[in-house]
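# Topology and contacts: notes
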Amino acid sequence: MLDALGMLGAGFAHVLQGGAAFHALWATLVGIVIGALPGLTATMGVALLTTLTFSMDHSVALLVLVCVYVGAIYGGSRSAILLNIPGTPASAASTLDGYPLARQGLAGRAMGISTSGSWLGTLFGTLCLALFAPVIGEYALEFQSYEMFWVAMFGIVIAGSLSGGDPLKGYIAGFLGLFVATIGQEANHAYPRFAFGSTDLAGGLGLLPVLVGVFGVAEVLSAMRGPAVRAVSSKIDSVIPRLRDVLQYWRTILRSGAIGTFIGAMPGLGEDIAAWTSYAAAKRASREAERFGKGSIEGLMAAETGESACVPGAIIPVLTLAVPGSAPAAVLMAAMMIHGLNPGPMLAITTPEFIYQIVAMLIVADMVKLFYGLILVRPLLWVLLIPRERLMPVVFVLCCVGAFAITSRLFDVWVMLGAGLVGFVLRELRFPMAPLVLGIVLGDLLDKNLLRGLVLSGGDVTPFFTRPISAVLAGLVALMLLMSVPGVNARLARGARGLFGALRRRPA
Amino acid sequence: MSGSDPAAPEVHSPFAGERAPVSPRADLLAAAVLLAFGLAVLALSLRMPTFAEQSGTGLTAPGIVPGFHGTVIALLALVLGLRAVRRGALRGGAPGPARAPRRQDALRLSAAAALGTLYAGFLVGRLPFWLATALFVFAFTAGFEWPRGPAGRGRRLAEAAALGLGTGWAVQLVFEDLFLVRLP
């Protein structure tokens with residue numbers, strides 16, 4: 001315990017050296033603005049800002065990206081409350097009660113609730129990260145190739161099952177992502193797969209150009225299609241969070257924080273699912289459930305706490321297993337790799353202090369977010385209303401810069417363009433993007449560990465199913481797949497109810 | 001505070017309609033493309049060398065993993081196609097629940113994609129970056145604001161030009177001079 005506190009103190013000292021406070025201030029502001037602007041998501045923000053951090057020291061670079069991530073998830077609630085448009089998909093649940101509150105003349109109070117819920121949510125999630133990441137990290141050291149294969153597979157299956165509403169399309173998106181990761185030279189024989197004689201393709205498709213394409217270019221195209229809608233004009237009352245709101249709903253805050261963190265820690269699910277699940281759980285448990293959807297303070301608090309707690313939660317598997325918990329966390333993980341850090345099980349051995357540095361970064365970002373939440377209302381209202389015709393070309397330019405900057409190849413700009421067009425078409429056909437991103441990120445992990453496992457076992461596949469942790473993970477993957485088959489889910493639920501009912505009826 | 005204030009500014013929701021279902025026919029078409037894609041990946045994977053002599057077992061063959069992915073994509077595409085048929089993709093005349101894409105939307109989308117491709121694919125790398133950026137931002141903004149009518153068009157064009165030049169200059173300054181990032 002004392003060791004942990006010592007490392008946390010050292011983490012703060014490390015993070016706050018030099019001009020870190022300045023970087024935290026501008027990066028969180030950029031994050032909030034990106035999150036607030038409809039059409040710009042946290043994933044896109046972290047991907048674009050990664051470009052800016054190339055020449056920075058790695059701890060400053062990660063502080064910037066963590067601040068952007070935390071700020072963007074929070075910023076989405078501004079437009080959700082004031083415009084009834086979620087700034088990021090994560091804030092969709094906040095529109096349900098945030099906008100009705102704004103229409104009742106309580107926009108300021110709604111933003112105060114959003115600020116306090118989001119601040120407490122991130123703080124709760126960060127505490128969980130500090131407590132559980134080292135433990136999970138040590139446990140993950142026992143994972144070998146067989147287990148890591150299943151971890152990657154579990155990530156794809158759970159993201160496919162839950163992230164888009166149609167598991168079949170989720171799985172297809174996940175495997176398309178896994179395929180993209182196989183393009184280029186493989187590790188064992190340096191054979192260029194799917195290169196067709198091109199030296200550019202033999203180098204593989206860069207993660208960042210693909211992500212910038214899928215989240216940046218595709219979003220620009222989505223934003224430019226369709227008509228504009230009318231926004232509210234707003235008189236803003238006081239945005240200072242009320243202590244009474246926090247004290248009255250402390251159970252909701254704790255529950256949503258726990259749900260958000262847990263969902264964040266599940267590979268590939270992300271903030272939108274965390275917000276919806278927290279909202280649904282709060283509605284089920286609430287004494288004023290009838291107010292939900294009509295301007296419920298508890299509903300808004302639950303959604304905001306859940307989505308913000310998900311941010312640190314999504315970083316837990318990045319640090320312990322090298323598996324991202326959400327799409328922005330996937331980009332953050334890619335940025336860590338670009339800066340020479342190797343997230344994953346070995347982190348607990350090689351640089352255990354890094355986990356506490358991330359904790360310190362999250363707390364700094366959370367505090368800066370609180371500061372902006374209290375002062376940054378009126379200017380943000382103007383930023384929200386920038387016409388898309390003027391904003392989107394600038395975003396597109398930043399996408400091109402982001403794609404080019406990492407290796408200075410024009411080929412990467414073409415990759416970004418291609419990924420953007422394909423991503424847009426897939427999106428139009430309702431294929432979810434989170435499993436696709438997770439597939440691209442986890443492709444290498446799955447590829448190496450499947451082949452390494454097969455080599456170690458001499459071609460025998462049984463260790464993939466018989467080793468205890470592998471067996472549990474394989475069982476979970478099978479269960480998730482079964483549950484996505486129509487009808488099976490209901491039968492499983494009926495069976496579980498029957499089993500528990502029988503157990504309850506059994507005499508002691 | 002009012003939600004239907006006619007004087008309120010317009011904002012676009014990029015997430016609107018995200019949950020609207022897609023028509024079975026579109027699903028069937030997607031399934032056909034994905035099936036062909038999965039089978040092509042599988043075929044190309046099978047044609048890759050196995051390196052059995054070097055590894056002794058052939059278990060490190062480069063085609064194993066992509067072959068597995070191609071097979072799964074093909075199988076899932078098959079299920080998607082069958083589901084689409086069961087939902088009425090082959091029934092003639094059934095429009096399905098999909099949103100009929102409006103002509104205006106298609107035009108805006110095509111224009112955005114064409115301008116983006118022109119900029120990223122042809123202008124970047126051939127012209128100085130600031131100039132390519134200024135031209136693109138000006139063309140994009142002016143083009144999409146053109147249908148607003150002749151009233152105030154001159155001012156809007158001037159603003160678009162200023163935005164283009166400002167973006168080119170600011171990106172050059174922030175990325176290349178301040179953060180030492182190379183530009184195309």
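Residues numbered from 1 in each chain as written. Chains lettered and ligands numbered in written order. Predicted model: local features only at pLDDT ≥ 70, side-chain atom pairs only at ≥ 80, totals over all residues. Heavy atoms only, no water.

The name recorded for chain B in an unreviewed UniProt entry is Tripartite tricarboxylate transporter TctB family protein, from Caldovatus aquaticus.

### Things to note about the overall build of chain A
Looking only at helices and strands, chain A has 24 helices and three strands in total. Since a compact globule built from 508 residues should have a radius of gyration of about 23 Å, the 22 Å found for chain A is in line with a globular shape. If one aligns the C-alpha atoms of chain A with their principal axes, the spans along those axes are about 70 × 70 × 50 Å. Of all 508 residues assigned to chain A, the portion counted as buried reaches 63%. Here the contacts in chain A between residues at least 6 apart in sequence split such that 78% fall between residues at least 24 apart. Accessible surface, chain A as shown: approximately 18,000 Å² in total, 67% of it carbon and sulfur. (Helix = DSSP H or I, 4+ residues; strand = E, 2+ residues; numbered from the N terminus. Rg over C-alpha atoms; globule rule 2.2 N^0.38 Å. Buried < 20%, exposed > 50% of the residue type's maximum accessible area, 1.4 Å probe, protein only. Contact = heavy atoms within 4.5 Å. Areas by Shrake-Rupley, 256 points an atom, 1.4 Å probe, with all protein chains shown as cover.)

### Brief notes about the overall build of chain B
Looking only at helices and strands, one finds six helices and one strand in chain B. Walking chain B from its N terminus toward its C terminus, one meets helices and strands in the order β-α-α-α-α-α-α. Each of the 184 residues in chain B was classed as buried or not, and the buried ones make up 41%. Restricting to contacts in chain B with at least 6 residues of sequence separation, those with at least 24 account for 62%. When the accessible area of chain B is evaluated, it comes to approximately 10,000 Å², of which 67% is carbon and sulfur surface.

### Here we look at the pattern of salt bridges
Residues and elements named next belong to chain B. Evaluated as defined, the whole model comprises 16 salt bridges over all chains. Asp-27 serves as the salt-bridge partner of Arg-83, at 4.0 Å between the closest nitrogen and oxygen. With Arg-83 in helix H3 (residues 64–86) and Asp-27 in helix H1 (residues 24–46), this residue pair connects regions lying 56 residues apart in the sequence. As far as burial versus exposure is concerned, Arg-83 and Asp-27 are alike and both buried. (Salt bridge = Lys/Arg side-chain N within 4 Å of Asp/Glu carboxyl O.)

### Remarks on the side chain of Thr-133 of chain B
If you trace the backbone, Thr-133 of chain B turns up in helix H5 (residues 129–145). Here the side chain of Thr-133 of chain B touches Tyr-119 of chain B through a polar contact of 2.9 Å, side chain to side chain. Those residues in contact with Thr-133 of chain B, other than ones at most four positions away along the chain, are Val-397 of chain A together with Tyr-119, Thr-167 and Gly-168 of chain B. (Polar contact = N/O pair within 3.5 Å; in protein donor to acceptor, adjacent residues only side chain to side chain.)

### Structural notes on helix H6 (residues 153–178) of chain B
Residues and elements named next belong to chain B. For H6, spanning 26 residues, the distance from its first C-alpha to its last is 35 Å, which sits close to the expected 38 Å at 1.5 Å a residue. By the burial criterion, the buried members of H6 are Arg-153, Arg-156, Ala-160, Gly-164, Thr-167, Gly-168, Val-171 and Phe-175. At the exit of H6 stands Leu-180, carrying a positive phi of roughly 55°. (Expected span 1.5 Å × (residues − 1).)

### Comments concerning the packing of helix H4 (residues 58–83) of chain A against helix H14 (residues 297–321) of chain A
Working note: a packed helix pair is described by the angle between its axes plus the distance between those axes. Residue and element names in this part refer to chain A. In the contact formed by H4 and H14, the axes pass within 10 Å of each other and the chain directions differ by 160°. For the element pair H4 / H14, the angle class is roughly antiparallel. Along this stretch, H4 crosses H14, giving a crossing that reads as right-handed. Of the residues in H14, those touching H4 at Tyr-69, Val-70, Ile-73, Ser-77 and Ile-81 are Leu-300, Glu-304, Glu-307, Ser-308, Val-311, Ala-314 and Ile-315. For the contact of H4 with H14, the residue count by class is eight nonpolar, two polar and two charged. (Axes fitted to C-alpha atoms, helices over the stretch in contact; angles between N-to-C directions. Parallel < 35°, antiparallel > 145°, perpendicular 65-115°, else oblique. Left-handed = near helix turned anticlockwise from the far one by under 90°. Nonpolar A, V, L, I, M, F, W, Y, C, P; charged D, E, K, R; others polar.)

### Examining the UniProt feature "transmembrane region" (unreviewed entry) in chain B
Under the UniProt annotation, the feature "transmembrane region" (unreviewed entry) is placed at residues 28–46, 66–85 and 129–146 of chain B. Each end of residues 28–46 of chain B is marked by a C-alpha atom, and these two atoms are 27 Å apart; helix forms 100% of the span and strand 0%. (UniProt positions renumbered as here; feature names shortened; annotations may be inferred.)

### So, the confidence of the model for chain B
Considering every residue of chain B, the mean pLDDT works out to 83; 84% of them sit at 70 or more. Considering only residues more than four positions removed or in separate chains, one finds that residues 1–18 of chain B, a stretch of pLDDT under 50, has 59 contacts. (pLDDT = per-residue confidence, 0-100.)

### Brief notes about H3 of chain B
Spanning 23 residues, H3 of chain B covers 33 Å between terminal C-alpha atoms, matching the ideal 33 Å at 1.5 Å per step. Remark: Gly-88 of chain B follows H3 of chain B within two positions and exhibits a positive phi of approximately 100°.

### Here's the deal with the interface of chain B and chain A
Contacts between the two partners involve 83 residues from chain B, matched on the other side by 89 residues from chain A. Summing the contributions of chain B and of chain A, the shared interface buries around 7,600 Å²; its carbon and sulfur component is 73%. Viewed at the interface, chain A and chain B are joined by six salt bridges. In this structure, Lys-169 of chain A engages Asp-27 of chain B in a salt bridge whose closest nitrogen and oxygen atoms are separated by 2.6 Å. For the pair chain B and chain A, the interface holds eight residue pairs in polar contact (both at pLDDT 80 or more). Broken down by secondary-structure element, the contributors of at least two residues to the side of chain B that touches chain A are strand S1 (10–11), H1, H3, helix H4 (103–123), H5 and H6 of chain B. Ranked by residue count, the leading element in the side of chain B that touches chain A is H3 of chain B, at 12 residues. Residue classes in the side of chain B that touches chain A are distributed as 52 nonpolar, 16 polar and 15 charged. (Buried area = accessible area lost by both parts, 1.4 Å probe.)

### Concerning the nonpolar core
Of all hydrophobic cores here, the largest spans 205 residues; its most connected members are Tyr-69, Leu-129, Leu-319, Met-336, Phe-396 and Met-416 of chain A together with Tyr-119 of chain B. Counting only domains with at least three residues in this core, you end up with domain 1 (24–86) and domain 2 (103–178) of chain B. Residues in contact with Met-336 of chain A, not counting those within four places in the same chain, are Leu-62, Val-318, Leu-319, Leu-341, Pro-343, Phe-354 and Ile-358 of chain A. If you look at the next biggest cluster of nonpolar residues, it comprises seven residues, including Ala-93, Tyr-279, Phe-292 and Ala-303 of chain A. (Core = buried A, V, L, I, M, F, W, Y, C linked by side-chain atoms within 4.5 Å. Domains from an automatic or database assignment.)

### Some details on the domain arrangement of chain B
If you check the domain split of chain B, you get domain 1 (24–86) and domain 2 (103–178). Of note, the centres of domain 1 of chain B and domain 2 of chain B, computed from C-alpha atoms alone, are 40 Å apart.

### Remarks on the state of the cysteines
Residues and elements named next belong to chain A. Summed over all chains, the structure comprises zero disulfides over all chains. In this structure Cys-128 is not part of a disulfide, and its nearest cysteine sulfur, from Cys-310, lies 12 Å away. For Cys-128, a relative accessible area of 11% corresponds to the buried category. On the accessibility criterion, Cys-310 (0% relative accessible area) is buried. (Disulfide = S-S within 2.5 Å.)

### Some points on unusual backbone geometry
With the exception of glycine, the majority of residues adopt a negative phi angle, and the majority of peptide bonds are in the trans configuration. Residues and elements named next belong to chain A. A positive phi angle, near 55°, is found at Ala-190, a position not held by glycine. Looking at Ala-190, the relative accessible area reads 41%, which means it is partly exposed. Notably, Phe-196 is not glycine yet its phi reads approximately 50°, a positive angle. Its location among the elements puts Phe-196 in the loop between strand S2 (192–193) and helix H9 (199–202).

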